[in-house]
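# Survey of secondary and tertiary structure
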Amino acid sequence: MKRHLVTLWRIITTGTVNFMRNIGLAIAAMAVMVVTLTIVLFSIITNATFTNTISQITGKIDISVFLKDSDTPAQTTLVIAQLKKLPNVKSVQYLSKAQALQQYEQQNAGNEQLVNAIDETSNPLPATILIKPVNLNQIQNIKTYLTQPAVFALQSDAPTYSGDREAAINKITHATDVLREIGVFAIVIFTFICALIIFNTIQMAIFNRRDEITIMRLLGASTSYIRGPFVVESAIYGILSGVFSVLIINAAFLAASNALQASSLGLLDINYANSYFDSHFLSLLGIQLALGIVLGVVSSVIATRRYLKFKTK
Amino acid sequence: MILLDRVTKKYSRSEGEALNRITLHVEPKEFVIVVGQSGAGKTTLLRLLTCEERPTSGKIIVGGIDYDKLKDKDIPLLRRKIGVVFQDFKLLPNKTVYENIAFALEIVGATNREIKNTVPKVLGIVNLKGKENNMPRELSGGERQRVAIARAIVRQPRILVADEPTGNLDPKHAWDVIKVLEKINRYGTTVLLTTHNQDIVNKLKRRVVTIQGGKITSDRAHAGYKQ
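Now for a quick tour of the structure. All residue numbers here refer to positions counted from 1 along the written sequence of the relevant chain. Numbering of ligands from 1 and lettering of chains from A proceed in the order in which they are written. Predicted model: local features are reported for residues with pLDDT of at least 70 only, side-chain atom pairs are reported and counted for 80 or more only, and whole-chain, interface and lining totals are derived from all residues.

## So, the sheet that holds strand β8 (residues 190–195) of chain B
Residue and element names in this part refer to chain B. Stated formally: Two strands are counted as paired when DSSP detects at least two bridges linking them. Helix and strand labels come from DSSP, where a helix needs a run of H or I of at least four residues and a strand needs a run of E of at least two; each type is numbered from the N terminus. Between N-to-C directions, angles span 0 to 180 degrees; the directions come from axes that are lines fitted to C-alpha atoms, helices contributing only their stretch in contact. Here contacts are defined at the residue level, using C-beta atoms placed from the backbone and a cut-off of 7 Å between them.
Strand order in this open sheet of six strands is β6-β7-β8-β3-β9-β10, and the pairing throughout is mixed. Both edges of this open sheet fall to β6 (82–85) and β10 (215–221), since each of them pairs with a single strand only. Sheet twist, expressed as the mean angle between neighbouring strand axes with direction ignored, is 15°. Two strands pair when backbone bridges link them, and strand β3 (residues 31–35) and β8 are joined in this way by five bridges, in the parallel orientation. Its bridge partner lying in β8, Val32 is registered against Leu192. In the packing of helix α1 (residues 42–49) onto the sheet, contacts are made with β3, β6, β7 (159–163), β8 and β9 (207–212), and the angle to β7 comes to roughly 145°. Against the sheet, helix α6 (residues 171–186) engages β3, β7 and β8, with an angle of about 155° to β8.

Okay, structure coming up:
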């Protein structure tokens with residue numbers, strides 16, 4: 001046991017010393033790793049920001065059911081209770097006529113003419129049930145319920161989620177779904193490209209030192225004792241590159257926060273991206289470290305393999 | 001100690017044999033010089049002994065190990081038993097003189113104390129005290145070759161194989177290296193030395209095996225050879 005620990009300690013110290021002695025090669029390899037890991041981190045943050053923006057858009061979409069003034073409270077309560085039981089219903093909110101008016105006044109506070117037009121008459125706004133679905137693409141069951149003759153008879157007008165509006169909302173939800181998929185796809189693609197680039201970089205670094213491996217082999221060193229220090233070195237590349245990539249993004253946000261205060265670039269809300277980065281700092285750092293270490297270690301294990309083979313024939 | 005029985009090595013079908021039915025028997029503690037022109041097959045012979053190459057046919061037994069039965073995973077164990085000095089030194093460029101020699105001990109699992117005690121002694125044998133912290137690139141050719149010898153002998157192998165260790169050295173340094181090999185042999189290590197330097201052959205007065213075109217053309221004790 002003690003012997004294994006001594007060997008492990010020697011592998012770690014040798015890897016660290018080799019890293020220092022080959023610092024030129026290390027910097028070249030890490031520069032490439034930092035750039036690729038930064039791109040991956042950027043794509044993660046961008047995707048989170050897009051998703052947030054999309055959620056904000058889709059979160060505003062609901063189905064308004066307009067009730068007749070003649071409906072009794074018992075009928076309204078029954079409809080609300082039945083709606084709540086339906087799958088794919090996130091929340092159901094009831095707005096009485098008075099509340100609907102209040103909301104209307106708040107929404108149109110800047111337009112006196114509109115507010116006065118309503119005030120001059122008795123409240124024409126119907127009581128309303130606001131339904132927020134879990135998934136906008138799967139509201140067929142809600143629509144079916146609302147069009148049942150008994151329920152439809154209680155409504156003063158068709159629900160908002162119908163006709164041209166429905167078509168427009170469908171387009172938005174379809175577009176947001178596509179954007180979400182593109183975001184995930186981009187992360188996967190960037191990570192894959194990152195893995196390939198890091199693998200090639202480490203392969204080049206080890207190719208430069210293949211003679212060392214051959215010599216150690218000739219002296220009778222075991223596979224793990226030869227490979228170990230290379231793995232440790234690559235893990236150090238991964239750790240430092242992961243940390244640097246996070247620091248670069250951090251510096252970029254610090255630099256951008258003043259220039260782009262309260263601004264947004266289309267769907268990319270810089271302020272949200274910044275706050276997402278701050279609130280997920282540790283997990284993002286963890287992802288970058290894990291990605292750097294895993295890619296570094298796996299690459300070095302594969303890259304050393306060919307130089308460790310024996311000539312058997 | 002070393003037995004080669006009708007060993008043939010062919011690198012490719014189109015080329016001729018690098019070694020052709022070589023039979024050689026080296027006794028323990030013997031000092032054998034293998035001579036021959038460049039391309040005669042000397043290096044191939046040593047590469048077979050260190051298992052860098054496998055023979056096309058024939059049998060090799062070194063220190064009781066039958067190479068036919070040797071699996072890939074056991075090759076490192078075999079190499080740890082044989083000290084090898086290469087013509088081109090093969091020092092690890094990123095390790096100091098001390099670390100290069102210590103490495104040979106580390107791979108056999110020596111303790112830190114053993115390494116601390118042994119390495120300075122071996123550095124003394126090859127006259128390299130004071131050069132412990134130098135990198136190989138800071139040394140002369142002769143010094144590098146002595147580091148390679150120190151690394152080969154630090155594990156006190158029963159067999160030492162030296163491939164043209166004086167090939168890159170001037171006569172003075174070449175003779176220094178040969179004296180170290182003689183010293184090791186006196187301590188009981190079997191030495192197999194390849195060279196094409198006739199001066200060394202004449203001065204050493206040992207058993208001489210001549211290889212020409214992949215065949216042993218003569219195997220005789222030097223006139224002044226005393227076993």
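## Here's the deal with the interface of chain A and chain B
The line we're drawing: Each residue is assigned to one class: nonpolar for Ala, Val, Leu, Ile, Met, Phe, Trp, Tyr, Cys and Pro, charged for Asp, Glu, Lys and Arg, and polar for all the others, Gly among them.
Residue-level contacts link 17 residues of chain A with 19 residues of chain B. For the side of chain A that touches chain B, the secondary structure elements donating two or more residues are α1 (2–21) and α9 (210–218) of chain A. At four residues, α1(A) tops the list of elements feeding residues into the side of chain A that touches chain B. Grouping the constituent residues of the side of chain A that touches chain B by class yields six nonpolar, five polar and six charged.

## Concerning the packing of helix α3 (residues 97–106) of chain B against helix α5 (residues 141–153) of chain B
Residues and elements named next belong to chain B. Selection rule: Each angle receives one of four descriptions, namely roughly parallel if under 35 degrees, roughly antiparallel if over 145, roughly perpendicular if within 65 to 115, and oblique otherwise. Crossings are classed by handedness, with left-handed meaning an anticlockwise turn of the near helix from the far one by less than a right angle and right-handed meaning a clockwise turn.
Packing of α3 against α5 leaves a shortest axis separation of 8 Å and a crossing angle of 25°. Comparing the axis directions of α3 and α5 gives the class roughly parallel. Helix-helix and strand crossings are classified by hand; for α3 and α5 the assignment is right-handed. Within the contact between the two elements, α3 uses Val97, Asn100, Ile101 and Ala104 and α5 uses Val147, Ala150 and Arg151. A per-class count over the contact of α3 with α5 returns five nonpolar, one polar and one charged.

## What to know about the pairing of β10(B)
All names here are of chain B. When β9 meets β10, the two strands line up antiparallel, connected through six bridges. Counterpart to Ile211 in the pairing with β10 is Ile216. Here β9 folds back onto β10, and the loop between the two strands holds two residues, one of which, Gly213, carries a positive phi near 55°.

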